[in-house]
Amino acid sequence: MAPSSGQTRIAVYPGSFDLLTNGHLDIIRRSQKLFDRLVVAVGNNATKAAPLFTVGERLDVLREATREWSNVEAVELRGLTVEFAAANRAQFIIRGLRAISDYEFELQLALMNHKLNTEIETIFLAADPANIFVSSRVIRDVWRHGGDIAEFVPAATIRALERKSEQKVS
Ligand code: ADP
């Protein structure tokens, strides 16, 4: 089923987004120009260590950071990404590619998703060179040790981190 010119083009951008970085936001900004609707799907990755933000907090940050784009929405992702995409009538899954190290895992994921549902295509966007070394995990570590992360994340993430710090002291 090739999307005809009249068909609404819907894409899902799945990830943990724990915390939202300028790298993620750049992929969202570029994707929302390519598709009629972009659903940013926030999941809990079982292979990742204890999350910093709850899914609800991550959705709040995403909604604040993407407010200017009316075709972007942020939703919790449960279950399989391809099933979530199909339920949202999405024909595309967006992933960002940074270095070679992303490639093997991303290819495995894309091939598996294609096996599970051949109607849904994964589209890779190359990271902006400015964000190539930006990852949520590294930024979380720098923040936990008191480092300045302002240049790597949107203002909405900074505000959410400030709320986290206040929760810790109170
Ligand atoms: P992370 O790998 O930072 O924990 P996620 O699991 O939330 O991020 O990743 C969601 C998607 O965003 C993945 O496709 C990942 O490759 C992509 N991504 C993450 N960081 C960047 C970045 N700095 N530039 C481009 N894409 C990125």
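Caption draft 1: Region of the structure containing the environment of Glu 106. Residue placement: Glu 106 occurs in helix H4 (residues 100-116). A relative accessible area of 6% places Glu 106 in the buried class. On a C-alpha basis, the gap between Glu 106 and Glu 68 in space is 29 Å, while along the polypeptide they are 38 residues apart. Setting aside chain neighbours within four positions, we find Glu 106 in contact with Arg 95, Gly 96, Leu 97 and Phe 124.

Caption draft 2: View of unusual backbone geometry. With an omega of 20°, the peptide bond between Asp 18 and Leu 19 qualifies as cis. Note that Leu 19 resides in the loop between strand S1 (10-15) and helix H1 (22-34). Non-glycine residue Phe 17 carries a positive phi angle of around 55°. Secondary-structure assignment places Phe 17 in the loop between S1 and H1.

Thresholds applied
Residues numbered from 1 in each chain as written. Predicted model: local features only at pLDDT ≥ 70, side-chain atom pairs only at ≥ 80, totals over all residues. Heavy atoms only, no water. Helix = DSSP H or I, 4+ residues; strand = E, 2+ residues; numbered from the N terminus. Buried < 20%, exposed > 50% of the residue type's maximum accessible area, 1.4 Å probe, protein only. Contact = heavy atoms within 4.5 Å.

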